[in-house]
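# Close look at the chain arrangement
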Amino acid sequence: MVGYAFMGAAHSQAWRTVNRVYDLPARVRMAAICGRDAGKVADAADRLGWETYTTDWRELIARDDIDLVDVCTPGDSHAEITLAALAAGKHVLCEKPLANSVTEARAMTAAAATAQAAGIRSMCGFNYRRVPAVTMMQQMVAAGRLGTIRHVRAVYLQDWIVDPQFPLVWRLQKDKAGSGALGDIGAHIIDLTQFVTGQRISGVSAVTETFVKERPLPAGSSGLAATVDGSAPATGQVTVDDAAVFLARLDGGGLATYEASRFATGRKNALRVEINGSLGTLVFDLERLNELEFYDATRPAAEQGFSRILVTEGDHPYMSAWWPPGHIIGYEHSFTHQMRDLVEAVATGADPAPSFADALQVQLVLDAVERSARLGSAWTEVEPALAQVAV
């Protein structure tokens, strides 16, 4: 694994757990972890359960005893590490968003397709797909329980940078992160809604805003936390969006609204999706991630109303390996489910999802949102994933 901070810790927990929870056709060996700071990565290896550590990711790729590379770095290094790993015949798990640009994402998707022909698998880490309630939501929509999809409403709200004195960490720099709230958390609700509805976003009208345009330089950072050196009050420019809001058209005809903000004061990690169809409505709220709200319009009028589905039964998605009904699970379990699906796919020669092609589709939506915002919210079509060739 390359990277050891927030996502590195979440992925490590999942790698440690997956074979202890699920009966899989292969066993995971946590061979090596990589990070730039020798002292910090040595500590991470010991704390997170890795056998060895290095400060050069190329050493991981060169090792014959490593079969899979897990990329948990900032977006500016996703393409380089992933392309090298695939070329070396390694399976790859890459965190979202796939890349910092459409050009990089296309190159990674093409490389993944070439590697796939040689039996090398790749997957992008959109972990919220693996929340049991979200997977069940997708199954209910696919079974026609909502009828024709007419509306999607999706928000992902945080407030961790609302203080203008919070430092200029890498997530606030476009050259490292690609975009701000749009790519960091907006990518999640784009993927989640496309996954659940089975429909893709075809066009958008967007606005983005950077509320605090200059911040103190950090003295140190880890995950979402950072400190400022009081003796060095130097500042730097914020080059990403703090919030993104856009309207969208789904290719199945439905209308959608999306909001991603890291300036929603009081909201810590608030992801909510509502889908309205001709036969009913489904609602998911990450702060109640073991539940779905379901309105079934096919029931007699006197019986209609929102019902609460507690998604903890053994026959609910992923839940058979966990606890008795009613005993809830949490955020970290979504990563364990992600590793379960990936290990099973690699061991059986199946293609895991979301694929790099799925992640490219999300990247194309992010790009359309940014282009629309630059053009004063002009309606902007999402580019096709496959480039057209003129004959």
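Keep in mind it's a predicted model, so treat the numbers as computed, not measured.

## Describing the overall build of the chain
From N to C terminus, the chain includes 10 helices and 18 strands. Summarising its shape, the C-alpha atoms of the chain cover approximately 65 × 55 × 50 Å along the three principal directions. Here the chain, with 391 residues, has 52% of them falling under the buried criterion. Of the accessible surface of the chain, which amounts to about 17000 Å², a share of 52% is contributed by carbon and sulfur atoms. Side-chain charges of the chain comprise 35 positive and 45 negative groups, with the mean position of each set lying 2 Å from the other.

## Considerations on the sheet that holds strand β5 (residues 122-125)
Reading across from one edge, β3-β4-β5 is the order of the 3 strands in this open sheet, with parallel pairing throughout. Strands at the two margins of the open sheet, each flanked by one partner only, are β3 (68-71) and β5. This sheet shows a mean twist of 10 degrees between the axes of neighbouring strands, independent of strand direction. With 4 bridges connecting them, strand β4 (residues 91-95) and β5 associate as parallel partners. If you follow Glu95 over to β5, its bridge partner there is Gly125. The strands touched by helix α1 (residues 6-21) are β3 and β4; relative to β4, the strand with the most contacts, the crossing angle is about 135 degrees. Where helix α4 (residues 78-87) meets the sheet, it contacts β3, β4 and β5, and its direction lies at approximately 170 degrees from that of β4.

## Topic: the sheet that holds strand β12 (residues 243-250)
Spatial ordering of the open sheet is given by β17-β16-β15-β14-β6-β13-β12-β7-β18, a layout of 9 strands whose pairing is mixed. One side of each edge strand has no neighbouring strand; the edge strands of this open sheet are β17 (306-310) and β18 (380-381). Sheet topology note: the strand β6 (residues 149-157)/strand β14 (residues 270-277) ladder contains 8 bridges and is antiparallel. The partner of Val152 across the bridge, within β14, is Ile275. Packing against the sheet, helix α6 (residues 132-142) makes contact with β6, β14, β15 (280-285), β16 (291-296) and β17, and its axis sits at approximately 165 degrees to β15. Relative to strand β7 (residues 201-209), helix α10 (residues 356-374) is tilted by about 50 degrees, and along the sheet it contacts β7, β12 and β18.

## As for helix α5 (residues 102-117)
With 16 residues, α5 should cover 22 Å at 1.5 Å per step; its first-to-last C-alpha distance of 23 Å lies within 8% of that length. Buried within α5 we find Val102, Ala105, Met108, Thr109, Ala112 and Ala115. All buried residues of α5 lie within an arc of 145 degrees about the axis, which places them on one face of the element. Away from the buried face of α5 by more than 90 degrees, exposed residues Thr103, Thr114 and Ala117 are located. Contacts from the buried residues of α5 go to α4, β4, β5 and α10.

## Focus: the packing of helix α8 (residues 181-197) against α10
Axis separation between α8 and α10 bottoms out at 10 Å; the angle between their running directions is 125 degrees. By the angle between their axes, α8 is oblique relative to α10. Once α8 is placed against α10, the crossing between them reads as right-handed. Every residue of α10 that contacts α8 at Leu182, Gly183, Ala187, Ile190, Asp191 and Gln194 is listed here: Gln361, Val362, Val365, Leu366, Val369 and Glu370. Broken down by class, the residue content of the contact of α8 with α10 amounts to 7 nonpolar, 3 polar and 2 charged.

## What about the nonpolar core?
In terms of nonpolar packing, the biggest core is built from 79 residues, with Ile201, Phe246, Tyr258, Leu271, Phe284 and Leu292 touching the most fellow members. Other than its neighbours up to four places away in sequence, Tyr258 contacts Val152, Ala154, Ile189, Ile190, Thr193, Ile201, Ala244, Val245, Phe246, Ala248 and Leu250. Grouped together as the second largest cluster of nonpolar side chains are 26 residues, Ala14, Leu93, Trp322 and Leu342 included.

## Brief notes about the side chain of Asp159
Structurally, Asp159 is set in the loop between β6 and α7 (174-177). Residue class for Asp159 comes out buried when judged on its relative accessible area of 10%. Here Asp159 is in contact with Arg262, Ala264, Thr265, Gly266, Arg267 and Lys268, once residues within four sequence places are set aside.

## Topic: the pairing of β5
The side-chain alternation of β5 yields two buried faces, one formed by Ser122 and Cys124 and the other by Met123 and Gly125. Regarding topology, α5 serves as the crossover connection from β4 to the parallel β5, and that connection is right-handed.

Rules and cut-offs
- Residues numbered from 1 in each chain as written.
- Predicted model: local features only at pLDDT ≥ 70, side-chain atom pairs only at ≥ 80, totals over all residues.
- Heavy atoms only, no water.
- Helix = DSSP H or I, 4+ residues; strand = E, 2+ residues; numbered from the N terminus.
- Buried < 20%, exposed > 50% of the residue type's maximum accessible area, 1.4 Å probe, protein only.
- Areas by Shrake-Rupley, 256 points an atom, 1.4 Å probe, with all protein chains shown as cover.
- Lys, Arg positive; Asp, Glu negative; His and termini not counted.
- Charge placed at Lys NZ, Arg CZ, Asp CG, Glu CD.
- Pairing = 2+ DSSP bridges.
- Axes fitted to C-alpha atoms, helices over the stretch in contact; angles between N-to-C directions.
- Contact = heavy atoms within 4.5 Å.
- Expected span 1.5 Å × (residues − 1).
- Arc of directions from axis to C-beta.
- Parallel < 35°, antiparallel > 145°, perpendicular 65-115°, else oblique.
- Left-handed = near helix turned anticlockwise from the far one by under 90°.
- Nonpolar A, V, L, I, M, F, W, Y, C, P; charged D, E, K, R; others polar.
- Core = buried A, V, L, I, M, F, W, Y, C linked by side-chain atoms within 4.5 Å.
- Right-handed = clockwise from strand over helix to strand, strands pointing away.

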